[in-house]
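# Descriptive analysis of the structure
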Amino acid sequence: MTRPDLAATPNKAKGCWTVSRIRKQKGVAPIAVLTAYDATTARYMDEAGIPIILVGDSLGMTVLGYESTLPVTMEDMCHHTQAVVRGVRQALVVADMPFLSFQVSKSQAVAHAGRLLKVGGAAAVKIEGGAIRAETVRHLVANGIPVMGHIGLTPQSVRAMGGYKVQGRSAESARALVADAVALTEAGIFCLVLEGIPAPLAAEITRTVKVPTIGIGAGPDCDGQVLVVHDCLGLTPSAATPRFVKRYAEVGDTMRQAFAAYKDDVEGRRFPAPEHSY
Ligand code: KIV
């Protein structure tokens, strides 16, 4: 029987990254994670050897122009996950579960996560939230769906947090985050994103749990790091770049210059030149 859905399945090549291989990286080598939302960018990341590509719901802001991740839909996530999977040969593709796709019930969470694997072609899903999500994680994992956890500054809770604020600054909230990490690990996550928390707390969580931690704004002692690709490439305004971001290129400036040069050439009748014409 032909299985067209499997055509989109990642990890087609030898040396591919799997959930179990990621787990074994803890204490062996740091894990570099980036977000991607399209096939071309994912292909360059894959060629660079990035082990995990996250189709983050940050695409709501970076690609779709929303002010938060809240409006992102399952359709958006499936569409962009499929594109990323088409660009990848070796990386593990993880798809974010968008706001309200996993909170309503465990069975709805399985249906939505399953769709990201079956239709989107992802190898795993990511869920925001701590101990309150442990039962859902357990249910997903029991149904064969690998889960990446995400605690600390969880952007889908921006309304409850009253903004994008560093979490775990008080002793009480730090203790709660350690308990969240333990609860999610016991529920079966294969790795854990720690976002926007003090570096010493991230180090403590990293020492406490047996799955790799992936930090973003969580200091140097996590088992890996993740950046949003638009931040990494300099595609976000530099004035709005958070402190935890390192801009590895200024692609935004390069794009602006290229577009202006093209416009000048067209308006000055320098493009197309004879070598561009049939
Ligand atoms: O949506 C996203 O890009 C994320 C990362 C920042 C971890 O959740």
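Let's shift gears to the environment of histidine 80. Locating histidine 80 in the fold gives a position in helix α4 (residues 74-87). Spatially, the C-alpha atoms of histidine 80 and valine 209 are 31 Å apart, while their sequence positions differ by 129 residues. Once residues within four sequence positions are removed from consideration, histidine 80 is found in contact with Tyr37, Val55, Leu59, Val63 and Leu64.

A separate point is the pairing of strand β8 (residues 224-227). As paired elements, strand β1 (residues 31-35) and β8 share four bridges and run parallel to each other. For valine 33, the partnering residue across the bridge sits in β8 and is valine 226. Across two bridges, strand β7 (residues 213-216) lies against β8 in parallel orientation. Among the inter-strand pairings, glycine 215 is bridged to a residue of β8, identified as glutamine 225.

With that settled, consider the site of the ligand. Within the structure, the ligand sits among Thr35, Leu54, Gly56, Asp57, Ser58, Asp96, Lys126, His150, Val193, Ile216 and Val228. Side-chain polar atom of serine 58 to an oxygen atom of the ligand: 2.5 Å apart, as the coordinates give it. One nitrogen or oxygen atom from the side chain of aspartate 96 is found 3.1 Å from an oxygen atom belonging to the ligand. For the ligand, whose accessible area on its own is 260 Å², the fraction buried by protein is 95%. Looking at the shell around the ligand, its residues break down into four nonpolar, four polar and three charged.

This part is about the packing of helix α6 (residues 134-142) against helix α8 (residues 171-187). One can describe the packing of α6 onto α8 by two numbers: an axis separation of 8 Å at closest approach and a directional angle of 20 degrees. By the angle between their axes, α6 is roughly parallel relative to α8. At the point where α6 passes α8, the crossing takes the right-handed sense. In this structure, α6 contributes Ala134, Val137, Arg138 and Val141 to the contact, and α8 contributes Ala183, Leu184, Glu186 and Ala187. In terms of residue class, the contact of α6 with α8 is made up of six nonpolar, no polar and two charged.

Once that is clear, we can look at the domain arrangement of the chain. Annotation of the chain at the domain level lists domain 1 (4-247) and domain 2 (252-278). Distance from the C-alpha centre of domain 1 to the C-alpha centre of domain 2: 39 Å.

Attention now goes to the sheet that holds strand β6 (residues 191-195). With parallel pairing, the eight strands of this closed barrel are ordered in space as β1-β2-β3-β4-β5-β6-β7-β8. Recorded for the sheet is a direction-independent mean angle of 25 degrees between the axes of neighbouring strands. Contacts from helix α9 (residues 199-208) reach β5 (147-152), β6 and β7, with the element oriented near 170 degrees to β6.

The subject of this paragraph is the packing of helix α5 (residues 106-118) against α6. The interhelical angle for the contact between α5 and α6, taken along N-to-C directions, is 50 degrees, at an axis separation of 9 Å. In terms of their interaxial angle, α5 and α6 are classed as oblique. Judged by the twist between their axes, the crossing of α5 over α6 is right-handed. In this structure, α5 uses Lys106, Ala109, Val110 and Ala113 to contact α6, whose residues at the interface are Glu135, Thr136, His139 and Leu140. Class assignment of the residues belonging to the contact of α5 with α6 gives a composition of four nonpolar, two polar and two charged.

Enumeration over the complete set of coordinates arrives at zero disulfides. In this model cysteine 222 remains outside any disulfide bridge; the closest cysteine sulfur is found in cysteine 191, 11 Å from its own. For cysteine 232, which is in no disulfide, the shortest distance to another cysteine sulfur is to cysteine 222 and amounts to 17 Å.

This part covers the nonpolar core. Among the nonpolar cores identified, the biggest contains 57 residues, and Ile53, Leu192, Leu194 and Ile205 are the most heavily contacted of them. Among the elements that line this core, the one with the most residues is α8, at seven residues. Setting aside anything within four residues of it in sequence, one finds isoleucine 205 in contact with Ile151, Leu177, Val178, Ala181, Leu192, Leu194, Ile197 and Thr213. Of all hydrophobic cores here, the second largest spans 18 residues; its members include Val94, Ala123, Met148 and Val226.

Scoring rules and cut-offs
Residues numbered from 1 in each chain as written. Predicted model: local features only at pLDDT ≥ 70, side-chain atom pairs only at ≥ 80, totals over all residues. Heavy atoms only, no water. Helix = DSSP H or I, 4+ residues; strand = E, 2+ residues; numbered from the N terminus. Contact = heavy atoms within 4.5 Å. Pairing = 2+ DSSP bridges. Near = heavy atom within 4 Å. Polar contact = N/O pair within 3.5 Å; in protein donor to acceptor, adjacent residues only side chain to side chain. Areas by Shrake-Rupley, 256 points an atom, 1.4 Å probe, with all protein chains shown as cover. Nonpolar A, V, L, I, M, F, W, Y, C, P; charged D, E, K, R; others polar. Axes fitted to C-alpha atoms, helices over the stretch in contact; angles between N-to-C directions. Parallel < 35°, antiparallel > 145°, perpendicular 65-115°, else oblique. Left-handed = near helix turned anticlockwise from the far one by under 90°. Domains from an automatic or database assignment. Disulfide = S-S within 2.5 Å. Core = buried A, V, L, I, M, F, W, Y, C linked by side-chain atoms within 4.5 Å. Buried < 20%, exposed > 50% of the residue type's maximum accessible area, 1.4 Å probe, protein only.

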